[in-house]
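# Notes for the structure review
If you want the building blocks of each chain, they are given just below.
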Amino acid sequence: MAGVKLSNISKVYEGGVTAVKDVNLDVADKEFVVLVGPSGCGKTSTLRMIAGLEEISKGELFIDNQLVNDVAPKDRDIAMVFQNYALYPHMTVYENMAFGLKLRKFSKSEIDARVKEAAQILGISDYLDRKPKALSGGQRQRVALGRAIVRKPKVFLFDEPLSNLDAKMRVQMRAEISKLHQRLGATMIYVTHDQVEGMTMGDRIVVMKDGVVQQIDTPLNLYNYPVNKFVAGFIGSPAMNFFEGRVRKDDRLYFTGTSDGMNLEISGSLAPKLEPFLGKEILMGVRPEHISIQDYNKGELDSTATLKVDISEPMGNEVYLYFASTAGQIIARVTTPVDPKPGSELKMYFDTSRAHFFSKETEYSLLLD
């Protein structure tokens, strides 16, 4: 296996449209890195430049410490798994998996050994004589994975490989790809628009927006220490709630919403970092899981607000509560057994010790040094 290095990589299409701008990324040997972001953010263009399917407009790309800008895709020693599986419909599973090895003039015995080994790893040994049309979506994706595995490449590239699967199969295939990474000890770069996939699979995640990398970090650091409002809102499900307001001070520090009268005491541990912004307009972000129904038995901060229920969604072990407010919709994710009627009011506690604060002008975090 090998590492991958992107140095100031950019992609500009005809007409001057910049899809990717100055991406710098070091993927270590055997690392699993996930590129996430909304549609059109440049993640697939970045992956295709690594694969050699798109020409690099600017910058340098290294695979295994070798500059590969002008190296043909077939000579980069990478294997790519596509969203639509890209299987040959007239070939059997065995023939699909063996095809690339035949082109590279491997012996029949070597091809047979590699195909059967990959089939055994992926649990598709019983399907080797079938055509793709006789397989389910999950089985086809395993065949596509098998075709990549038999190559034993330096780097595996995945372009939204689970998008065409149903929800249950996506969860299963996520686990299988993660186990495959551990078993092969492979370098993998994975593109998805689904941040849950990224959070559950990646050693590190690259968050992109408009062709620009916003943050590169571990899943937990992205969740706990987002550098800006975009990352904070993109990572986490349901998405973070945002409120406009000001920091004010009585005997303690408070966040006062500018549109809905919200008045929340700020955790004392955050006070030193927010003192410089007294009286200034800022943004506060609170994740749905950090808003709970007030427990009067707890000696909590004065960080409550009475909110009117708009929709209640029971999810089994938790409930999503949607509240209507002048600041827009507020979502809480609570574990308290509750089924309130629309229009009823609940006193909700905001855990400001877990809140995030951002500059209204730049949208960058006010809490990070």
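Computed from a prediction, not measured in an experiment: that's the story for all the values here.

Time to look at unusual backbone geometry. Cis geometry marks the peptide bond from Ser 237 to Pro 238; its omega dihedral reads -5 degrees. As for its position among the elements, Pro 238 is in the loop between helix H8 (229-234) and strand S11 (241-249). Of note, Ala 86 is a non-glycine position whose phi angle comes to about 55 degrees, a positive value. Relative to the helices and strands, Ala 86 resides in the loop between strand S6 (78-81) and helix H2 (93-103). Given the relative accessible area of 32%, Ala 86 is considered partly exposed. Non-glycine residue Glu 363 carries a positive phi angle of around 65 degrees. When you line up the elements, Glu 363 lands in the segment after strand S20 (356-359). By relative accessible area, which is 31% here, Glu 363 ends up partly exposed.

In this structure the tally under the stated criterion is eight aromatic pairs. Pairing Phe 158 with Tyr 190 gives two aromatic rings, centres 5.5 Å apart and planes at 35 degrees, and the pair type is tilted. Here Phe 158 is found in strand S7 (residues 155-159), whereas its partner Tyr 190 is found in strand S8 (residues 187-192), with 32 residues between them in sequence. Judged by relative accessible area, which is 1%, Phe 158 ranks as buried. In this structure, Arg 248 is placed above the aromatic ring of Tyr 254, and the distance from its NZ or CZ to the ring centre is 4.6 Å. The ring centre of Tyr 223 lies 4.2 Å from the NZ or CZ of Arg 287, which sits over that ring.

To continue, consider the packing of helix H4 (residues 137-149) against helix H5 (residues 167-184). Where H4 contacts H5, the two axes come as close as 11 Å, and the packing angle between them is 20 degrees. Taken together, the axes of H4 and H5 are roughly parallel relative to one another. You can see that H4 and H5 cross each other, and the crossing is right-handed. Packed against H4, whose contacting residues are Gly 138, Gln 141, Arg 142, Leu 145 and Ile 149, the element H5 presents Met 169, Gln 172, Met 173, Glu 176, Ile 177, Leu 180 and Leu 184 at the interface.

Taken as a whole and assessed by the stated rule, the structure comprises 17 salt bridges. The salt bridge involving Asp 250 is made with Arg 248; its shortest N-O contact spans 2.6 Å. Judged by relative accessible area, which is 27%, Arg 248 ranks as partly exposed. Each member of the salt-bridge network shares a partner with another, and the members are Glu 244, Arg 246, Glu 281 and Lys 360.

Cut-offs and rules
- Residues numbered from 1 in each chain as written.
- Predicted model: local features only at pLDDT ≥ 70, side-chain atom pairs only at ≥ 80, totals over all residues.
- Heavy atoms only, no water.
- Helix = DSSP H or I, 4+ residues; strand = E, 2+ residues; numbered from the N terminus.
- Buried < 20%, exposed > 50% of the residue type's maximum accessible area, 1.4 Å probe, protein only.
- Phe/Tyr/Trp six-rings, centres within 6.5 Å; stacked < 30°, edge-to-face > 60°.
- Lys NZ or Arg CZ within 6 Å of the ring centre and 35° of its normal.
- Axes fitted to C-alpha atoms, helices over the stretch in contact; angles between N-to-C directions.
- Parallel < 35°, antiparallel > 145°, perpendicular 65-115°, else oblique.
- Left-handed = near helix turned anticlockwise from the far one by under 90°.
- Contact = heavy atoms within 4.5 Å.
- Salt bridge = Lys/Arg side-chain N within 4 Å of Asp/Glu carboxyl O.

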